[in-house]
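Geometric and topological summary
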Amino acid sequence: MPNLMRTIAALLLSLGFLVPAAWADVSRDEAVSLAQRTAPGRVLAVEHGVHVDSKLVWRVRMLTKGGELRLVVIDAETGRLR
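Here the structure is a predicted model, which means the values were calculated and not measured.

**Topic: the pattern of salt bridges**
Side chains that differ in charge, positive against negative, can pair when their charged atoms come close. Following the criterion strictly, the structure yields 3 salt bridges and no others. Residue Arg82 is joined to Asp53 by a salt bridge in which the shortest nitrogen-to-oxygen separation is 2.7 Å. Taken together, the residues span a long stretch of sequence, with Arg82 in the segment after strand 3 (69-75) and Asp53 in the loop between strand 1 (41-50) and strand 2 (56-64) at a distance of 29 residues. A salt bridge links Arg82 to Asp75, with the shortest nitrogen-to-oxygen separation between them at 3.5 Å. A residue is classified by how much of its surface remains accessible, and Arg82, at 41% relative accessible area, is partly exposed. Through salt bridges with shared partners, one network takes in Asp53, Asp75 and Arg82.

Have a look at this one:
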């Protein structure tokens, strides 16, 4: 029974990571576009998640044209920079 409980917990946890993207008003592509306007350069990674204030966000890791690594955090509901 403990293995079943662990399996169920793991499944629920993994499904939780899909929810922010499904509920986001700002798409992944829109978040990338906003991030590139903020920090022109190459996109290294895009992740969705929950910010410290429990708001849904997109985290876009960028390598700027100047070689600087930047993390651009965008509110997934409003598109505003965080």
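**Regarding helix 3 (residues 28-38)**
All of the buried residues in helix 3 are Ala31, Val32 and Ala35. Viewed end-on, helix 3 has its buried residues packed into an arc of 100°, placing them on one side of the element. For helix 3, exposure combined with an orientation more than 90 degrees from the buried face picks out Asp29 and Arg37. The secondary structure elements touched by the buried residues of helix 3 are strand 1, strand 2 and strand 3.

Here is what the cut-offs are and how they apply
- Residues numbered from 1 in each chain as written.
- Predicted model: local features only at pLDDT ≥ 70, side-chain atom pairs only at ≥ 80, totals over all residues.
- Heavy atoms only, no water.
- Salt bridge = Lys/Arg side-chain N within 4 Å of Asp/Glu carboxyl O.
- Helix = DSSP H or I, 4+ residues; strand = E, 2+ residues; numbered from the N terminus.
- Buried < 20%, exposed > 50% of the residue type's maximum accessible area, 1.4 Å probe, protein only.
- Arc of directions from axis to C-beta.
- Contact = heavy atoms within 4.5 Å.

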